[in-house]
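# Structural description and commentary
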Amino acid sequence: MTRRAFITGITGQDGSYLSELLLAQGYEVHGSVRRTSTLERSRLAHLYADPTLYNQRLFLHYADLDDPTTLRRVLNAVQPQELYHLAGQSHVGLSFEIPETTCEFTAMGTLRLLEILRDLPEPPRFFHATSSEIFGRPTASPQTEKTPLAPINPYGCAKAFATQMVRVYRASHDLFAVNGILYNHESPRRGENFVTRKICRAAAAIKLGLQEELALGDTSAQRDWGHARDYVRGMWLALNQGPPDDYVFATGQLHSVQQVIETAFAAVSLDWQHHVKFDRHFLRPAEPLHLVGDASKARAVLGWSPTTSFQELIQEMTQAELDQLSQGERRGTARPEAR
Ligand code: GDD
């Protein structure tokens, strides 16, 4: 029997990689899109344009996290066996500017989904993409599934609420509900306002003479960065290989923003010191510290481990920007990175 999966946030970086993985495994894939989404230029465009997939094994539905009736209706109609909840306002810096919207989508949106699942006659297995930001500035490193929640920004608070709700619904309503505690995961499909993509794109644009400098905030900040393709494999494994539980997905390696800069500029043979400048506009009111994950449980229970090194990741991202920008340049449509 063909398995059906439903993805909220299907047009995002993770949604597109997960769709590819599930389609390759023979799944029928459904996803919710907001009425305002522009599909033609999204990360799904290549799947959307394939007539053997779109409306054959890949289906998009208008539904929104702030309009639960639309979600309930679609989920009742589709009856998926697996639901991957990836949607939400995911930019930490922005969450200081729009805390209410962040909580509305990321916290309340998840609760609304859980309430809908609770009422379904056969609730799907549920994967919640949560974040290392729930740990804030933890006293212990690396963090595990048992590390106490102590968020320090609105986004982290919203994710902590949603994470705890998933635990409550798993324990109290017998849902097969999983929290994937995801550390930073990047790729050429990363949103342009996240720091790795911003840096890789700028390095390529400067190399091609399309941009002169790159303005950044705190370059001493450190993160545990992996490749998004590895993390969506973890999501699938979490719903198919183990018991409903919480799992940390991380590389266990810390690198600084400065190391991203040096790797990306080296990949295009440029001296970063001639191009990178500080702009306090990109500083955040609070920075998490020592967010590095221990994925031992995912390794032991799910057989998951990351396959892409930090160097490979940043080099792949920079090369992808170079390819994309030079194609645009040849067509006369190249544009530099937005700040
Ligand atoms: N975005 C951005 N832009 N970040 C900058 C900049 C800049 O110009 N300059 C320095 N940084 C620093 C940020 O202050 C932060 O310390 C670090 O770069 C990484 O920022 P982001 O790439 O925006 O990611 P994030 O770590 O805040 O959040 C991402 O990872 C989380 C998982 O840990 C997001 O994907 C979250 O949704 C995710 O949950």
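Residues numbered from 1 in each chain as written. Predicted model: local features only at pLDDT ≥ 70, side-chain atom pairs only at ≥ 80, totals over all residues. Heavy atoms only, no water.

## Section: the site of the ligand
Stated precisely, the cut-off is as follows: Being near a molecule or strand, for a residue, comes down to having at least one heavy atom within 4 Å of it. Whenever two N or O atoms come within 3.5 Å, that pair is a polar contact, provided that in protein one can donate a hydrogen and the other can accept it, and provided that, for residues adjacent in sequence, both atoms are side-chain atoms. We get accessible surface area from the Shrake-Rupley algorithm with a probe of 1.4 Å; when it comes to residues, only the shown protein chains can shield them. For this classification, Asp, Glu, Lys and Arg are treated as charged, while Ala, Val, Leu, Ile, Met, Phe, Trp, Tyr, Cys and Pro are nonpolar and the rest, including Gly, are polar.
Around the ligand, a shell composed of 22 residues is seen, among which Ser-90, Ser-132, Tyr-155, Arg-284 and Glu-287 lie nearest. A distance of 2.6 Å separates an oxygen atom of the ligand from a polar atom in the backbone of Ser-90. Computed on the free molecule, the ligand has an accessible area of 710 Å², of which 96% lies beneath the protein chains in the complex. When its residues are assigned to classes, the shell around the ligand shows 9 nonpolar, 7 polar and 6 charged.

## Describing helix H3 (residues 68-78)
Basically, it comes down to this: Classification of residues uses two cut-offs on accessible area relative to the type maximum, computed with a 1.4 Å probe and protein chains only: under 20% is buried, over 50% is exposed, and between them is partly exposed. The numbering of helices and of strands both runs from the N terminus, where a helix is a DSSP run of H or I of at least 4 residues and a strand a run of E of at least 2. The arc in question is traced by the directions running from the helix axis to the C-beta atoms.
Looking only at H3, the buried set comprises Leu-71, Val-74, Leu-75 and Val-78. One face of H3 carries all of its buried residues, which in axial projection span an arc of 95 degrees. Turned more than 90 degrees from where H3 packs its buried face, Arg-73 and Ala-77 sit exposed. Looking at the residues trailing H3, positive phi occurs at Gln-79, about 50 degrees.

## Some words on the nonpolar core
A general trend in soluble globular proteins is that nonpolar side chains are found buried together. The following threshold applies: Residues enter a nonpolar core if they are buried and are Ala, Val, Leu, Ile, Met, Phe, Trp, Tyr or Cys, with the set joined through side-chain atoms within 4.5 Å. It only takes one pair of heavy atoms within 4.5 Å for two residues to be counted as in contact.
In terms of nonpolar packing, the biggest core is built from 37 residues, with Leu-22, Tyr-84, Phe-127 and Phe-249 touching the most fellow members. Looking at which element gives the most residues to this core, the answer is helix H8 (residues 228-240), with 8 residues. Aside from chain neighbours lying at most four places away, what touches Phe-127 is Leu-83, Tyr-84, His-85, Leu-86, Val-178, Gly-180, Met-235, Ala-238, Leu-239 and Phe-249. Among the nonpolar cores identified, the runner-up in size contains 24 residues, and Ile-261, Phe-265, Val-268 and Leu-313 belong to it.

## Topic: the pairing of strand E5 (residues 125-131)
The criterion, for reference: Pairing between two strands requires that DSSP report at least two bridges joining them. Think of it like this: strands point away, you trace from the first strand over the helix to the second, and a clockwise trace means the crossover is right-handed.
Most of E5 sits inside the fold, with 6 of its 7 residues counted as buried. In this sheet, strand E6 (residues 177-182) lies alongside E5 in parallel orientation, the contact comprising 6 bridges. From the neighbouring strand, Ala-129 faces E6, where its bridge partner is Gly-180. Handedness of the E5-helix H6 (residues 154-172)-E6 crossover: right-handed.

## Examining the layout of surface pockets
Basically, it comes down to this: A 1.4 Å probe that fits but cannot get out identifies a cavity on a 1 Å grid over protein atoms alone, an open set with protein on both sides within 12 Å along at least five of seven lines counts as a pocket, and a residue lines either if it has an atom within 4 Å of a point. Grid points are joined across faces, edges and corners, and a volume is the space filled by probe spheres set on the points.
The volume enclosed by the second largest pocket comes to roughly 260 Å³. Arg-3, Arg-4, Leu-75, Asn-76, Gln-79, Pro-80, Gln-81, Leu-120, Pro-121, Glu-122, Pro-123 and Pro-124 are the residues that line the second largest pocket. Of the residues that constitute the lining of the second largest pocket, the class distribution is 6 nonpolar, 3 polar and 3 charged.

## Observations concerning unusual backbone geometry
Residue Ser-141 is joined to Pro-142 through a cis peptide bond whose omega torsion reads -5 degrees. If you trace the backbone, Pro-142 turns up in the loop between E5 and H6. The backbone phi angle of Gln-79 is positive, close to 50 degrees, even though this residue is not glycine. For Gln-79, a relative accessible area of 54% translates into the label exposed. Positive phi, normally seen in glycine, also occurs at Ser-269, with a value near 55 degrees. Mapped onto the secondary structure, Ser-269 falls in the loop between helix H9 (257-267) and strand E13 (276-278). With a relative accessible area of 62%, Ser-269 lands in the exposed category.

## Some points on the domain arrangement of the chain
Note the cut-off: The source of the domain bounds is an automatic or database domain assignment. Defined in terms of a 1.4 Å probe, buried area is the accessible area two parts forfeit on being brought together, summed over both. In the sections that follow, a salt bridge refers to a side-chain nitrogen of Lys or Arg positioned within 4 Å of a carboxyl oxygen of Asp or Glu.
You can read the domains of the chain as domain 1 (4-186 + 227-249) and domain 2 (195-223 + 253-291 + 309-331). On a C-alpha basis, the centroid separation for the pair domain 1 and domain 2 is 27 Å. Each partner contributes residues to the interface: domain 1 has 17 residues there, and domain 2 has 13 residues. A combined buried area of about 1300 Å² lies between domain 1 and domain 2, and 58% of that area is made up of carbon and sulfur atoms. When the buried surface of domain 1 facing domain 2 is broken down by residue, Phe-96, Arg-137 and Glu-186 rank first, second and third, together holding 34% of it. For the pair domain 1 and domain 2, the interface holds 1 salt bridge. Across the pair Glu-133 and Arg-223 runs a salt bridge, and its minimum N-O distance is 3.9 Å. Where domain 1 touches domain 2, the interface holds 6 residue pairs in polar contact (both at pLDDT 80 or more). If one sorts the elements of the side of domain 1 that touches domain 2 by residue count, helix H4 (residues 92-97) sits on top with 3 residues. Tallied by class, residues from the side of domain 1 that touches domain 2 come to 6 nonpolar, 8 polar and 3 charged.

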